[in-house]
Amino acid sequence: MERNAADDLTIIAEARAAVAERYITPWWYHPVLGVMIAVYVTAFALGGTVVKLVAAAVFVLAATRLASTYRRITGVWINGLEAGRASRWSKLVGLVMAVDLAGSWGLHFTTGLVWPVLVLQPFAVVAVVLMGRRFDEAVREQLRSGV
Amino acid sequence: MSGQFDEVIHAPNRLRICAFLAATSEAEFAVLRDLLGVADSVLSKHLKVLQDAGYLTVTKPTGRGRVKTWVKLTPAGRTAYRGHVTALQGLIEQDRTQI
């Protein structure tokens, strides 16, 4: 039986739906990412040069390990910056990290206080978790809607 | 934008592979095999055709544990796939206007 263009678009829609079904982020992924960011920001804001450098290296290694674990478990990878409209949520996560970093460092630098830095971090973790989940929802929604 | 119908992508299994990969940054070989419901050798043949056309890359990252094969569309593959989808949509639109 000969296929027509509509059949082909159905094949495409089914393949996209298969990605959406497959794209289930483990529940711990975003909390771990949030905690990693909070630990890095705390070390960056409160530590000296050596602590800053070590924290950056550990953060990069941990982020790489987290991504590879995600890929191994799910079998698919969608780069947060290559996800069309959904990318706005991953960019917001980057913005949260930048604001957290600048705010925490600035607060400690200008006041010398430690507690404001520590108080900021749970908010950053919650923001990363919420935005990460919104990113996943947006990706699944656009996979199921477009071709 | 007028798309370009692509004979390499047109085969149903290759269309499924391209549609899946276009919706991701990268996918694992076994995931594609399960999507198509075919043997490893059948998937490998389809991937080879797409690879020879310059539409995808196949990598085997080194590391601990079982080595997994990852597949991703190249920029040329994404362009060809988008053009093919646009051509399909054009055909449907053409059918509508002729009714």
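As the structure is a computational prediction, the values presented were derived from the model and not from experiment. (Residues numbered from 1 in each chain as written. Chains lettered and ligands numbered in written order. Predicted model: local features only at pLDDT ≥ 70, side-chain atom pairs only at ≥ 80, totals over all residues. Heavy atoms only, no water.)

*Asks:* Give me the packing of helix H1 (residues 5-22) of chain A against helix H5 (residues 115-145) of chain A: which residues, what numbers.
*Replies:* Residues and elements named next belong to chain A. Interaxial distance between H1 and H5 falls to 8 Å at its minimum, and their mutual angle equals 160°. As summarised for this structure, H1 and H5 are arranged roughly antiparallel, according to the angle between their axes. In terms of crossing hand, the pair formed by H1 and H5 is left-handed. In this structure, H1 uses Arg16, Val19, Ala20 and Glu21 to contact H5, whose residues at the interface are Arg140, Gln142, Leu143 and Arg144. (Axes fitted to C-alpha atoms, helices over the stretch in contact; angles between N-to-C directions. Helix = DSSP H or I, 4+ residues; strand = E, 2+ residues; numbered from the N terminus. Parallel < 35°, antiparallel > 145°, perpendicular 65-115°, else oblique. Left-handed = near helix turned anticlockwise from the far one by under 90°. Contact = heavy atoms within 4.5 Å.)

*Asks:* Let's hear about the interface of chain A and chain B: which residues, and what values?
*Replies:* If you look at the interface, chain A gives 24 residues, while chain B gives 24 residues. For the pair chain A and chain B, the number of links is one salt bridge. Salt-bridge contacts for A:Arg71 lead to B:Glu26; the nearest nitrogen and oxygen are separated by 2.7 Å. There are seven residue pairs in polar contact (both at pLDDT 80 or more) connecting chain A and chain B. Those elements that place two or more of their residues in the side of chain A that touches chain B are H1, helix H3 (49-74) and strand E1 (76-77) of chain A. Ranked by residue count, the leading element in the side of chain A that touches chain B is H1(A), at eleven residues. For the side of chain A that touches chain B, a count of residues per class yields 13 nonpolar, three polar and eight charged. Here E1(A) pairs with strand E1 (residues 26-28) of chain B via two bridges, running antiparallel. Counted as the bridge partner of A:Trp77 is B:Glu26 from E1(B). (Salt bridge = Lys/Arg side-chain N within 4 Å of Asp/Glu carboxyl O. Polar contact = N/O pair within 3.5 Å; in protein donor to acceptor, adjacent residues only side chain to side chain. Nonpolar A, V, L, I, M, F, W, Y, C, P; charged D, E, K, R; others polar. Pairing = 2+ DSSP bridges.)

*Asks:* Which residues make up the sheet that holds strand E2 (residues 56-59) of chain B, and what values do they have?
*Replies:* Pairing is antiparallel across the open sheet formed by four strands, whose spatial order is E1(A)-E1(B)-E3(B)-E2(B). The sheet is open, and its two edges are formed by E1 of chain A together with E2 of chain B, each paired on a single side. Two strands pair when backbone bridges link them, and E2(B) and strand E3 (residues 70-73) of chain B are joined in this way by four bridges, in the antiparallel orientation. Bridge assignment links B:Leu56 to a residue of E3(B), and that residue is B:Leu73. Helix H2 (residues 12-22) of chain B contacts E1 of chain A together with E1, E2 and E3 of chain B of the sheet and is inclined by roughly 85° relative to E3(B).

*Asks:* Now, about the UniProt feature "transmembrane region" (unreviewed entry) in chain A: what can you tell me, with residues and values included?
*Replies:* All names here are of chain A. When the UniProt feature table is mapped onto this chain, "transmembrane region" (unreviewed entry) is found at residues 37-62, 89-107 and 113-132. With 100% helix and 0% strand, the stretch residues 89-107 has end C-alpha atoms that lie 26 Å from each other. Helix makes up 90% of residues 113-132 and strand 0%, with an end-to-end C-alpha separation of 30 Å. (UniProt positions renumbered as here; feature names shortened; annotations may be inferred.)

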